[in-house]
Amino acid sequence: MSEDKGRYQPLSYYQLMEISLRELLVEKGVVTDEAVNAEVQAMRSRTPERGAQVVAKAWADPAYKERLLKNGTAACEEIGLEIPALKLVAVENTPQVHNVIVCTLCSCYPRVLLGIPPDWYKSRNYRSRMVREPRTVLEEFGVRVAENVAIRVHDSTADMRYLVLPMRPKGTEGWDEAKLATLVTRDSMIGVALPKV
Amino acid sequence: MQPQFVTRYAAALSPEFRTGEKVRVRKTAPLGHIRTPFYIRGHVGEIERLCGAFPNPEELAQMRDGLPAVPLYRVRFRQKDVWPDYRGPDADVVEIEIFQHWLEKA
């Protein structure tokens, strides 16, 4: 409702339901307003920089990359990222394989690493077409995947969450992790963009 | 076969499939909250890895505990098998998490 310019807008069905449910939970003592606000704050404070930190470390440290691919959850905890209940599977882009993430059933997304998902990730268009015609959808994102590179679409349907480990761009030799992390965008960790120098 | 994530629930079913094994997704349409997409039902793929054992989401949706936990696999399907008119190389795949009770030997 950013476009209402101060005019009165009736509440939508789901807004009304959210307010009613929240007020009831507070009234019954199940949660407090403070706890709800704290959770909203926490969700807003998580940004893709967290995921970028993981990718940059994997680029800089081959042993860490091995651990990340083996167990993404343990690798995040190792560098002090709190990722409650997240079962993270990192999938590695190589010269032979390009990975991309979608959740066809709803919009499962590694929020604790990438923050709030973009609207297009939740759209019916992306969710239905990314499994059906990934090459066309990737081209719409500006990513042309060569015919000799296999595309692996990961449909995030159950308890795992996925993070694409993009390829480290050429021309970044000798960069430290902090500088590398600046190249790692949200979209490159979903698989719909490539990091560029 | 070692699962990628070790979970500890009071009860869990044993894994029945190995990495590399061919499996078919059951083609049924039960009611309720199902985490197996329609588009993959009836198709044959290959076990990519065992993720671990997790509470059955179909039971969780009914406010039950989902135990015994059910082995969850990532299954790899060739795009050309899933979509007969798929445009792209043979090597393109889609990988999906599927619970064991949705799979049978192919």
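The rules behind these values
- Residues numbered from 1 in each chain as written.
- Chains lettered and ligands numbered in written order.
- Predicted model: local features only at pLDDT ≥ 70, side-chain atom pairs only at ≥ 80, totals over all residues.
- Heavy atoms only, no water.
- Helix = DSSP H or I, 4+ residues; strand = E, 2+ residues; numbered from the N terminus.
- Rg over C-alpha atoms; globule rule 2.2 N^0.38 Å.
- Buried < 20%, exposed > 50% of the residue type's maximum accessible area, 1.4 Å probe, protein only.
- Contact = heavy atoms within 4.5 Å.
- Patch = residues over 30% accessible without salt bridge, like charges linked within 9 Å, V, L, I, M, F, W, Y side chains within 5 Å.
- Areas by Shrake-Rupley, 256 points an atom, 1.4 Å probe, with all protein chains shown as cover.
- Salt bridge = Lys/Arg side-chain N within 4 Å of Asp/Glu carboxyl O.
- Buried area = accessible area lost by both parts, 1.4 Å probe.
- Polar contact = N/O pair within 3.5 Å; in protein donor to acceptor, adjacent residues only side chain to side chain.
- Nonpolar A, V, L, I, M, F, W, Y, C, P; charged D, E, K, R; others polar.
- Pairing = 2+ DSSP bridges.
- Domains from an automatic or database assignment.
- Axes fitted to C-alpha atoms, helices over the stretch in contact; angles between N-to-C directions.
- Parallel < 35°, antiparallel > 145°, perpendicular 65-115°, else oblique.

Draft legend 1. Structural detail: the overall build of chain B. Counting its secondary structure elements, chain B contains 2 helices and 5 strands. Going residue by residue from the N terminus, the α and β elements of chain B occur as β-β-α-β-α-β-β. The C-alpha radius of gyration of chain B comes to 14 Å, within 12% of the 13 Å expected for a compact globule of 106 residues. Dimensions of chain B, computed from C-alpha atoms along their principal axes, come out at roughly 45 × 30 × 20 Å. Of all 106 residues assigned to chain B, the portion counted as buried reaches 49%. Here the analysis covers contacts within chain B between residues at least 6 apart in sequence; of these, 63% occur between residues at least 24 apart.

Draft legend 2. Seen up close, a nonpolar patch on the surface. Residues Tyr13(A), Tyr14(A) and Met17(A) make up a contiguous nonpolar surface patch of roughly 400 Å² in combined accessible area. Looking at the element boundaries, Tyr14(A) is found in helix α1 (residues 13–27).

Draft legend 3. Expanded view of the interface of chain B and chain A. Across the boundary between the two partners, chain B contributes 29 residues, which contact 32 residues of chain A. Where chain B abuts chain A, roughly 2,400 Å² becomes buried across the two surfaces, and 50% of that area is made up of carbon and sulfur atoms. Among the residues of chain B in contact with chain A, Phe5(B), Arg35(B) and Glu97(B) are the three that bury the most area, contributing 26% of the side total. Across the chain B-chain A interface, the total number found is 3 salt bridges. In this structure, the salt-bridge partner of Asp85(B) is Arg132(A), at a minimum N-O distance of 3.0 Å. Taken together, chain B and chain A are joined by 19 residue pairs in polar contact (both at pLDDT 80 or more). Ranked by residues supplied to the side of chain B that touches chain A, first place goes to strand β4 (residues 93–99) of chain B with 6 residues. Considered class by class, the residues forming the side of chain B that touches chain A number 15 nonpolar, 5 polar and 9 charged. As judged from the 4 bridges shared by strand β3 (residues 150–155) of chain A and β4(B), these two strands associate in the parallel manner. Bridging across to β4(B), Val153(A) finds its partner in Val94(B).

Draft legend 4. Region of the structure containing the pairing of strand β2 (residues 97–102) of chain A. All names here are of chain A. Counting buried positions over the 6 residues of β2 gives 6, a clear majority of the element. Sheet topology note: the β2/β3 ladder contains 6 bridges and is parallel. Pairing of Ile101 across the sheet is with His154, part of β3.

Draft legend 5. Expanded view of the pattern of salt bridges. Tallied over the entire structure, the rule returns 24 salt bridges over all chains. Notably, a salt bridge pairs Arg129(A) with Glu133(A), separated by 2.6 Å at the nearest N-O pair. Ionic contacts of the salt-bridge type, sharing partners, join the residues Arg152(A), Glu48(B), Arg49(B), Arg74(B), Arg76(B) and Glu95(B) into one network.

Draft legend 6. Spatial organisation of the domain arrangement of chain A. The assigned domain composition of chain A is domain 1 (13–44) and domain 2 (47–190). Placing a centre on the C-alpha atoms of domain 1 of chain A and another on those of domain 2 of chain A gives a separation of 31 Å.

Draft legend 7. Spatial organisation of the packing of helix α3 (residues 49–60) of chain A against helix α4 (residues 62–70) of chain A. Residues and elements named next belong to chain A. At their nearest, the axes of α3 and α4 sit 5 Å apart, and the two run at 125° to each other. One finds that α3 runs oblique with respect to α4. Counting all contacts with α3, which are made through Val54, Lys57, Ala58 and Ala60, the residues of α4 involved are Pro62, Tyr64, Lys65 and Leu68. The residue inventory of the contact of α3 with α4, partitioned by class, reads 6 nonpolar, no polar and 2 charged.

Draft legend 8. Structural detail: the environment of Val137(A). Residues and elements named next belong to chain A. Residue placement: Val137 occurs in helix α9 (residues 134–140). Among the residues examined, Val137 registers a relative accessible area of 3% and is labelled buried. For the pair Val137 and Asn125, spaced 12 residues apart in the sequence, the C-alpha separation amounts to 9.5 Å. Not counting the four nearest positions on each side in its chain, Val137 is found in contact with Tyr126, Arg129 and Met130.

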